[in-house]
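# Summary of structural features
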Amino acid sequence: MESPVSQLRRHEQFHSAFLDEDRDVLVWLPPGYDRSTEVQRPFDAGSADVRYPVLYMHDGQNLFEPETAFKKGEHWRVGETATALIEAGRIDPPIIVGIYNTGEMRIDEYTPTTDKKLGGGHADDYGRMIIEELKPLVDRTYRTRIDRESTGIAGSSLGGLVSLHLAFHHPAVFSKVAALSPSVWWDRKAILKTIREARSKPQSRVWVDMGTAEGRRGLDDARLLKAALVGLGFADGVDLRYAEYEGATHSEHAWSARVGPMLEFLFPAS
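One structure accompanies this document, and this report is about it. Just so it is clear, the model here is predicted, and its values are computed rather than measured. (Residues numbered from 1 in each chain as written. Predicted model: local features only at pLDDT ≥ 70, side-chain atom pairs only at ≥ 80, totals over all residues. Heavy atoms only, no water.)

## Structural notes on the sheet that holds strand S1 (residues 7-14)
Filter applied, for reference: A pair of strands is treated as paired once DSSP finds two or more bridges between them. Under the scheme used here, helices are H or I runs from DSSP no shorter than 4 residues and strands are E runs no shorter than 2 residues, and both carry numbers assigned from the N terminus. Axis lines are fitted to C-alpha atoms, over the contacting stretch for helices. Their N-to-C directions set the angle, which ranges from 0 to 180 degrees. Contact between two residues is taken to exist if any of their heavy atoms lie within 4.5 Å; hydrogens are not considered.
What the eight strands build is an open sheet, ordered S1-S2-S4-S3-S5-S6-S7-S8; its pairing is mixed. A single partner strand is all that each edge strand has here, and the edge strands are S1 and strand S8 (240-245). Sheet twist, expressed as the average angle between the axes of neighbouring strands with direction ignored, equals 15 degrees. As paired elements, strand S6 (residues 176-180) and strand S7 (residues 205-211) share five bridges and run parallel to each other. Each residue of the ladder has a partner; that of Val177, found in S7, is Val206. Packed onto the sheet, helix H1 (residues 78-87) meets strand S2 (23-29) and strand S4 (95-99) and runs at close to 20 degrees relative to S2. Where helix H4 (residues 158-169) meets the sheet, its contacts fall on strand S5 (151-156), S6 and S7, and the angle it forms with S5 comes to roughly 150 degrees.

Pasting the structure below:
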């Protein structure tokens, strides 16, 4: 019997009432999604009553397809990595949604506050697009688990920043967040103020990492972020995973190597 395969579906020119630019959205479906029931191996969860957790990821053109990556040929290999982990029984199979960025508008959409020099500040509108428009479409179209415990958000650099911002402002929607090499520096480290002033600790799982070759400021900021999360009540190794990767740069290649451990932390096999 042939092993089941994953699928990548494209929703072209997704339109939002909250944002100026349309964008493509990719939906990765795990191996076995369309299979019906006879085989019981862990990665054959394809019966009509099986539903899946969902991870929303930013910079979607960098995640699955080498020809669309920011540096052509250097994508995150999210599909290949997730498939290997599912077949090994190491993660709960997720649906992964890759939201394309819109080039020049990326900095505007991925930043929660306005920087005097760089502008930005429309992350809340971007979040409304995900929560009020995209998530309902995904939940209508695919067999998802719609609860917060099954919904995550992840990204790198400014994508890590917006993931943290949305997770802390919408804890009723997202319970899993991954911030790879997050841009903590944005607007005088405004994200640290958000976390330090949070009224209560959300019941979430948080992944934060940084490469040691990303500069002293990046490492210092990541450590401040970890300290803020611990101060709020997160425990490293329990509901927080903080990692520094020796020699890793600020690049798609470096982030691709962290997809596996990130998925294992956010979606541990049940």
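## Description of unusual backbone geometry
Negative phi is the rule for most residues except glycine; trans is the rule for most peptide bonds. This is how the line gets drawn: Relative accessibility under 20% of the residue-type maximum defines a buried residue, over 50% an exposed one, and the middle range a partly exposed one, all with a 1.4 Å probe and only protein chains included.
Non-glycine residue Asp187 carries a positive phi angle of around 50 degrees. The exposure class assigned to Asp187 is buried, which follows from its relative accessible area of 15%. Although it is not a glycine, Lys189 sits at a positive phi angle of roughly 60 degrees. Since its relative accessible area comes to 29%, Lys189 is described here as partly exposed.

## Side note on the nonpolar core
Buried together is how nonpolar side chains tend to be arranged in soluble globular proteins. Inclusion rule: Among buried residues, those of type Ala, Val, Leu, Ile, Met, Phe, Trp, Tyr and Cys that are joined through side-chain atoms within 4.5 Å constitute a nonpolar core.
Core analysis: the biggest nonpolar cluster contains 51 residues, and Tyr56, Ile95, Val97, Tyr126, Ile130, Leu134 and Leu229 have the highest contact counts within it. The leading source of residues in this core is helix H3 (residues 123-141), at eight residues. Ignoring anything within four residues of it in the chain, the contact list for Tyr56 reads Val97, Ile99, Ile130, Leu134, Lys135, Val138, Thr151, Gly152, Ile153, Ala154 and Phe174. Of all hydrophobic cores here, the second largest spans 25 residues; its members include Phe64, Tyr100, Trp207 and Leu266.

## Quick word on the pattern of salt bridges
Put simply, the rule is: Within this document, salt bridges are pairs made up of a side-chain nitrogen of Lys or Arg and a carboxyl oxygen of Asp or Glu, the two lying within 4 Å of each other.
One pass over the structure, following the stated rule, counts 20 salt bridges. Across the salt bridge formed by Asp59 and Arg106, the nearest N and O atoms sit 2.8 Å from each other. Placement of Asp59 in the loop between strand S3 (54-57) and H1 and of Arg106 in helix H2 (residues 106-109) is noted, with a sequence separation of 47 residues between them. Of the residues examined, Asp59 reaches a relative accessible area of 6% and is grouped as buried. Glu244 is the partner of Arg223 in a salt bridge, and the nearest nitrogen-oxygen pair spans 2.7 Å. Here Arg223 is found in helix H6 (residues 216-232), whereas its partner Glu244 is found in strand S8, with 21 residues between them in sequence. For Arg223, a relative accessible area of 36% corresponds to the partly exposed category.

## Some thoughts on H4
Worth spelling out the cut-off: Helices are assigned an expected span. That span is 1.5 Å times one less than the residue count.
For H4, built from twelve residues, the straight-helix expectation of 16 Å at 1.5 Å per residue is met to within 8% by its first-to-last C-alpha distance of 16 Å. By the criterion of burial, H4 is predominantly enclosed, with eleven of the twelve residues buried. Of the positions making up H4, those classed as buried are Leu158, Gly159, Gly160, Leu161, Val162, Ser163, Leu164, His165, Leu166, Ala167 and Phe168.

## A short note on the pairing of S6
Of all five residues that make up S6, five are buried, and the element is covered over most of its length. On S6, burial covers both faces: Lys176, Ala178 and Leu180 on one face and Val177 and Ala179 on the other are all buried. Where S5 and S6 come together, five bridges link them in parallel fashion. Looking at S6, one finds that Ala154 is bridged to Ala178.

## Notes on the packing of helix H5 (residues 186-196) against H6
Going by this rule: Angles are sorted into four bins: roughly parallel if under 35 degrees, roughly antiparallel if over 145, roughly perpendicular if 65 to 115, and oblique for all others. Gly is put with the polar residues, along with every residue not named as nonpolar or charged; the nonpolar set is Ala, Val, Leu, Ile, Met, Phe, Trp, Tyr, Cys and Pro, and the charged set is Asp, Glu, Lys and Arg.
Between H5 and H6, the least distance of the axes is 9 Å, while the angle of their chain directions is 10 degrees. Taken together, the axes of H5 and H6 lie roughly parallel to each other. Here Lys189, Leu192, Ile195 and Arg196 of H5 come into contact with H6, specifically with Asp221, Leu224, Leu225, Ala228, Leu229 and Leu232. Here the contact of H5 with H6 is composed, by residue class, of seven nonpolar, no polar and three charged.

## Side note on the side chain of Glu252
What counts is decided by this rule: Polar contact criterion, stated in full: a pair of N or O atoms within 3.5 Å, where within protein one must be able to donate a hydrogen and the other to accept it, and residues adjacent in sequence count only if both atoms are side-chain atoms.
Mapped onto the secondary structure, Glu252 falls in helix H7 (residues 252-256). At a separation of 2.6 Å, a polar atom in the side chain of Glu252 contacts the side chain of Trp76. Glu252 has contacts with Asn62, Phe70, Glu74 and Trp76, leaving out every residue within four places of it along the chain.

## Here's the deal with the packing of aromatic side chains
Under the convention used in this document: Each pair of aromatic rings taken from Phe, Tyr and Trp, with Trp reduced to its six-membered ring, is defined by centres within 6.5 Å and is described as stacked if the planes are under 30 degrees apart, edge-to-face if over 60, and tilted in the remaining cases. A ring has a charge above it when a Lys NZ or an Arg CZ is no more than 6 Å from the ring centre and no more than 35 degrees off the ring normal.
Following the criterion strictly, the structure yields six aromatic pairs and no others. Between Phe168 and Phe234, the ring centres sit 6.4 Å apart and the planes meet at 65 degrees, which makes this aromatic pair edge-to-face. Highlighted residues: Phe168 in helix H4 and Phe234 in the loop between H6 and S8, separated in sequence by 66 residues. Taking relative accessible area as the criterion, Phe234 reaches 3% and is therefore assigned buried. Over the face of the ring belonging to Phe267 we find Lys176, whose NZ or CZ atom lies 5.1 Å from the ring centre. Cation over ring: Arg205 sits above Phe265, and NZ or CZ is 4.2 Å from the ring centre.

Fair warning: the whole summary comes from geometry, so function is off the table for now.
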